[in-house]
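Examination of the molecular architecture
Here are the chains, one letter per residue:
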Amino acid sequence: MAARPPHGVGSGYGTVEIKMTLASYARLVPAALFGAALFTSFDAEACGGFFCSQTPIDQSSESIVFSLNPETGKVDTHVQISYEGEAEDFAWVVPVPTVPDLFLSTDQLFSTLAGSTAPRFDVTVREDGDCEGYNGTYSYNDYASSSSAGGYADTGAPGVTIIATQQVGPYDTVTLQAQSSEALLTWLNDNGYDLPTQLDPVLAPYVAGEAYFVALKLQNDKSAGDIAPLGMSYDATKAGIPIQLTSIAATPDMRLTVYVFGEFRSVPESYLHVQLNEAALNYVDRGSNYEDVITRAADEAGGQAFATDFAGDPSFLRNALNPDRYDTAALSTLTDPIAFMDGIISQGYPADETLLNLLLVHIPLPPELAYLQGDPTQFYNCLECYSEYLTPIDAAAFAADLQEVVVEPLIRAETLFQYSWLSRMTSSISPAEMTVDPVFVLNPDMGAVSNVRTA
């Protein structure tokens, strides 16, 4: 490998870091080792980086959370699924190296990580002399803009083996293996997964690597508003993203953000690791060109590279999700809908789409207020205003759903903050560059990286 040029010399936007991985960057990882795949789109409507209909939807950003535990040999993956469309059209398929345990995750994990580890740009400006303007010292201190997101009828199709079926939150899931991508697509389409035929060539490497596939769709009584982040736990020693599947729908220079929890700092194994030219950053404008600098650095490294935004001890995040503040047992006794809503507010449940969808189920909009269907929040924000239309609710069922889809995912996500290291890495990658899947490992020799850039 050539020696690294002096940092900041010339017009370069990044340099390849010599201490980049435990293994040579040129080494290709067999498909069988690719971890789970999980993609989400924050800037474009999508469904987990895969496909919800015959027409792929462009993706411009993806984010995924891993935890690597070499002692147990387990990788946990959290995937934020973004989708807009009819519930019956939703379909999601992802390859994994071994049979996974599935669980619900939480949007709050992604928003907490995005906000707390985003690059910050501190600039101190000093004016000397007798200028007409302000004499003194001031500073810019802000975050950079960032992209933070029925059952199965086995048709008897040859070449497909059903490993397991499971209901997870709002999803019906099936884990399967296939002898060919053609057999896999045939089974999926015969069982209600309306997937594009052009997936055949990009599925083939994973089928050849004997990967398992997790397919999910919404249960018959669920709506698109029930879609929640999905978690998977499986046997593996590395975390990987099957980016080749995303190449069909990705936009040029797609932003890819990866969070990895582990005993040590995480680095890319199959991609280069680049160090940004910090002299190229626009500090005064709060790092407004940060993503452009990443794009230029990745392009100069051949298009397959990650920069580290942050690496360090995540203990400052402990209790950030604070699941202990929720007491669903107390709510389970409140059959009066107004009292139940007061309990939700006092306990601090997030006013997000997940909560709204649960309200629609357990405190449904009265027929007399059908005119509010376009904006039901008017009803839920002031239940007492419509008290004459309210009737007692099944508080135990509502509380149980809150426990399942809100509280338990937060409890599980909170355990991630007990790890010694959190690494956040960002890449910029175009479809033509998605020929090798990024794989991440732990490296005990790499030091911390602050997310604060100072000039």
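Computed from a predicted model, the values in this text were never measured in an experiment. (Residues numbered from 1 in each chain as written. Predicted model: local features only at pLDDT ≥ 70, side-chain atom pairs only at ≥ 80, totals over all residues. Heavy atoms only, no water.)

**A look at the overall build of the chain**
The line we're drawing: The helix count covers DSSP runs of H or I at least four residues long, the strand count covers runs of E at least two residues long, and both are numbered beginning at the N terminus. In this scheme, a residue with accessible area under 20% of its type's maximum is buried, one over 50% is exposed, and one in between is partly exposed, where area comes from a 1.4 Å probe on protein chains only. We get accessible surface area from the Shrake-Rupley algorithm with a probe of 1.4 Å; when it comes to residues, only the shown protein chains can shield them.
Scanning the chain from terminus to terminus reveals 9 helices and 19 strands. By the burial criterion, 55% of the 455 residues in the chain qualify as buried. Just so you have it, the chain exposes about 19,000 Å², and 49% of that area is on carbon and sulfur atoms.

**Section: the pairing of strand 14 (residues 265-268)**
Filter applied, for reference: In this description, strands pair whenever DSSP reports at least two bridges between them.
Here strand 14 shows no split at all, with R265 and V267 on one side and S266 and P268 on the other all buried. In terms of strand pairing, strand 14 meets strand 18 (residues 439-443) through 4 bridges, oriented antiparallel. If you follow V267 over to strand 18, its bridge partner there is V441.

**Some remarks on the sheet that holds strand 12 (residues 239-240)**
In spatial order, the strands read 12-18-14; together these 3 strands make up an open sheet with antiparallel pairing. In this open sheet, the two edge strands, each paired with only one partner strand, are strand 12 and strand 14.

**With respect to the packing of helix 7 (residues 353-362) against helix 9 (residues 395-414)**
Convention followed: Throughout, an axis means a line fitted to C-alpha atoms (over the contacting stretch in the case of helices), and angles, computed between N-to-C directions, take values from 0 to 180 degrees. Working definition: roughly parallel below 35 degrees, roughly antiparallel above 145 degrees, roughly perpendicular at 65 to 115 degrees, and oblique for all remaining angles. Crossings are assigned a handedness: left-handed for a near helix turned anticlockwise from the far helix by less than a right angle, right-handed for a clockwise turn. Any two residues whose heavy atoms approach within 4.5 Å at even a single point are treated as in contact. Amino acids are sorted into nonpolar (Ala, Val, Leu, Ile, Met, Phe, Trp, Tyr, Cys and Pro), charged (Asp, Glu, Lys and Arg) and polar (every other residue, Gly among them).
Viewed as axis vectors pointing N to C, helix 7 and helix 9 meet at an angle of 160°, and their least axial separation amounts to 11 Å. Taken as axis vectors, helix 7 and helix 9 run roughly antiparallel relative to one another. Taken as a pair, helix 7 and helix 9 cross one another with a handedness that is right-handed. Side by side, helix 7 and helix 9 meet where T354, L355, L358, L359 and H362 of the first sit next to A397, F398, D401, L402, V405 and V406 of the second. Among the residues forming the contact of helix 7 with helix 9, the class breakdown is 8 nonpolar, 2 polar and 1 charged.

**With respect to a negative patch on the surface**
Cut-off, in case you're wondering: To count toward a patch, a residue needs a relative accessible area above 30% and no salt bridge. Like charges then connect within 9 Å, nonpolar side chains (Val, Leu, Ile, Met, Phe, Trp, Tyr) within 5 Å. Basic side-chain nitrogens of Lys or Arg form a salt bridge, by our definition, when they fall within 4 Å of a carboxyl oxygen of Asp or Glu. Charge convention: Lys and Arg are scored as positive, Asp and Glu as negative, and His as well as the terminal groups of each chain are ignored. The atoms used to mark charge sites are NZ of Lys, CZ of Arg, CG of Asp and CD of Glu.
Taken together, the side chains of E86, E88, D89 and D194 define an acidic patch exposed on the protein surface. Relative to the helices and strands, E86 is located in the loop between strand 3 (74-79) and strand 4 (92-96). Owing to a relative accessible area of 49%, E86 belongs among the partly exposed residues under this scheme.

**Some points on helix 7**
The criterion, for reference: Under this definition, polar contacts are N or O atom pairs within 3.5 Å; protein pairs additionally need one hydrogen-donor-capable and one acceptor-capable atom, and for neighbouring residues in sequence, both atoms have to be side-chain atoms.
Those residues of helix 7 that sit buried are T354, L355, N357, L358, L359 and H362. Buried residues belonging to helix 7 abut helix 6 (337-347), helix 8 (377-380) and helix 9. In this structure D352 caps helix 7, since a side-chain oxygen of it lies 3.3 Å from the backbone nitrogen of T354.

**Details of the pattern of salt bridges**
Here the structure, examined in full by the defined rule, presents 7 salt bridges. Put simply, R120 and D122 hold a salt bridge, and the shortest N to O gap is 3.7 Å. The partly exposed category is assigned to R120, whose relative accessible area is 23%. One salt bridge connects E278 with R453, and the closest N-O pair in it is separated by 3.6 Å.

**Description of the sheet that holds strand 9 (residues 171-178)**
As summarised here, the arrangement of the 4 strands in space is 4-10-9-8, forming an open sheet in which the pairing is antiparallel. For this open sheet the edge positions go to strand 4 and strand 8 (160-168), each flanked by a neighbour on one side alone. Direction aside, the axes of adjacent strands within the sheet are offset by 20° on average. Relative to strand 10 (residues 212-218), strand 4 is paired through 5 bridges, and the arrangement is antiparallel. Opposite P95, over in strand 10, you have F213 as the bridge partner.

**A word on the side chain of E269**
By the secondary structure assignment, E269 is in the loop between strand 14 and strand 15 (272-276). Relative accessible area serves as the criterion here: at 4%, E269 is assigned to the buried category. Among the polar contacts listed, one links the side chain of E269 to the side chain of K238, at a separation of 3.0 Å.

**Re the packing of aromatic side chains**
This is how it is decided: Between rings of Phe, Tyr and Trp, where Trp is taken as its six-membered ring, a pair exists when centres lie within 6.5 Å; planes separated by under 30 degrees are stacked, by over 60 edge-to-face, and by other angles tilted. Working rule: Lys NZ or Arg CZ, within 6 Å of ring centre, within 35 degrees of ring normal, means a charge sits over the ring.
Going through the model one piece at a time under the given rule, you end up with 13 aromatic pairs. Taking 5.8 Å as the distance between ring centres and 50° as the angle between the ring planes, the aromatic pair formed by Y271 and F306 counts as tilted. Here Y271, found in the loop between strand 14 and strand 15, pairs with F306, found in strand 16 (residues 305-312); they are 35 residues apart in sequence, far enough to count as distant. Judged on exposure class, the residue Y271 and its partner F306 are both buried. Linked through ring pairs, F121, Y283 and Y290 together constitute an aromatic cluster. The ring centre of Y193 lies 5.1 Å from the NZ or CZ of K217, which sits over that ring. Above the plane of the ring of F103 lies R412, whose end atom (NZ or CZ) is 3.5 Å from the centre.

**What to know about the confidence of the model for the chain**
Here is the rule we go by: How sure the predictor is of each residue is captured by pLDDT, a score from 0 to 100.
Residue-level pLDDT values for the chain average 80, and 81% of them are 70 or greater. Mean pLDDT across the elements of the chain ranges from a minimum in strand 7 (residues 137-143), with 31, to a maximum in helix 5 (residues 328-331), with 97. Predicted confidence is poor over residues 1-57, with pLDDT under 50, and the contacts of this stretch with residues over four places away or in other chains come to 207 contacts. Taken together, the stretch residues 134-156 has pLDDT below 50 and engages in 74 contacts with residues farther than four places along the chain or on a different chain.

**What to know about the pairing of strand 11 (residues 230-235)**
Of all the 6 residues making up strand 11, 5 are buried; the element is thus mostly covered by neighbouring parts of the structure. Relative to strand 11, strand 3 runs antiparallel, the two being bridged by 6 bridges. Looking at the pairing, K74 lines up with D235 of strand 11.

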